Every structure is written in structure tokens, then in C-alpha cells.
Amino acid sequence: MRKPMMPRKHLLWISLGLMLSQAILWSSAQAQTNQTSEQDMRRALVGQSAYAACKVLHADYSQERADLIVATAIKTNKWESQKDWLKSSQATQTIQLVSEAMNQECTDFNQNNEKFVPAMEAIEAL
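Basis of the calculations
- Residues numbered from 1 in each chain as written.
- Predicted model: local features only at pLDDT ≥ 70, side-chain atom pairs only at ≥ 80, totals over all residues.
- Heavy atoms only, no water.
- Core = buried A, V, L, I, M, F, W, Y, C linked by side-chain atoms within 4.5 Å.
- Buried < 20%, exposed > 50% of the residue type's maximum accessible area, 1.4 Å probe, protein only.
- Helix = DSSP H or I, 4+ residues; strand = E, 2+ residues; numbered from the N terminus.
- Contact = heavy atoms within 4.5 Å.
- Phe/Tyr/Trp six-rings, centres within 6.5 Å; stacked < 30°, edge-to-face > 60°.
- Lys NZ or Arg CZ within 6 Å of the ring centre and 35° of its normal.
- Arc of directions from axis to C-beta.

A. Quick peek at the nonpolar core. One finds V46, I74, W79, W85, L86 and V98 to be the most contacted residues of the largest nonpolar core, which totals 22 residues. When residues of this core are traced back to their parent elements, those giving at least two are α1 (8-58), α2 (63-77), α3 (89-101) and α4 (116-124). When residues of this core are assigned to their parent elements, the largest contribution, six residues, is made by α1. Every residue in contact with I74, bar those within four places of it in the chain, is listed here: L45, W79, E80, K83 and L86.

B. Structural detail: the packing of aromatic side chains. The full count for this structure, using the stated rule, is one aromatic pair. Look at F109 and F116: their rings are 5.8 Å apart centre to centre, the planes differ by 65°, and that puts the pair in the edge-to-face class. With a relative accessible area of 26%, F109 lands in the partly exposed category. Classification of F116 by relative accessible area gives buried; the value is 16%. The ring of Y61 has R65 sitting right over it, with the charged end atom 3.8 Å from the ring centre.

C. Structural view of α4. If you check which residues of α4 are buried, you get F116, A119, A122 and I123. Seen end-on, α4 carries its buried residues on one side only, within an arc spanning 125°. Those residues of α4 that are exposed and aimed more than 90 degrees away from the buried face are E121 and E124.

Set out below in C-alpha cells:
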């Protein structure tokens, strides 16, 4: 004996349900990607800003030149969405810690510096 076929109406609802669940999964994955990219952008901005601040401290760069380095990085990398975040207390404190923990050439961290561990903790907290 043959089983009766499922009515087309039920197949339509099942199909719509599957499409909806896929859309929900995709949007959830997209939200996680956006969060990660925001965090990555912030870390990159801190890196660029700390490099520029380090150059002011150790290489006699003017503040204007340091600002230009950061502005160019923002424009080149399309980080405009995080531009205002750079003015936050979290950003300014992290940039200060990181720039002070860098070596005098501003190419790496001085791991013997007392600010090294707090700088790493601040970066991790972004």
C-alpha cells in the first residue's frame, strides 16, 4: 500500500521553515563576524596610534605628523566606523600604555618595560 503524499501546502511550509532557519544561522554568523572585525579594527587602530605616539616620544615626530599617520591608516583601511572610538577613554589609555611599552625604535615591545603587561592586558580587553 502506498503512503499518501504530503500536501503541497505542508511542503511549502517546511521549505519556508528551512529557509528561515538558514537565514537566522547566517545572520548570527554575520553578527559574530562583525563583532570580530570591530575588535580587529580597534586593535589595529591602537597599533597604528601607539606607533605614531611612540614616534612622538622617541623620534621627535610632531603631533601633526602622528595624527596624519593615524588618519591615513583610517582612510586606507576603511576604519571610519571606529574613528570616534579612538577618542574614548579606553582607546586613549590603551594607546598610551602600548606606546610607552614599545622599544625606542617603535618596532616592537620592550618586554622588560613595567608597562608591558598592563599594555597586553589593555589590548586583550578591547
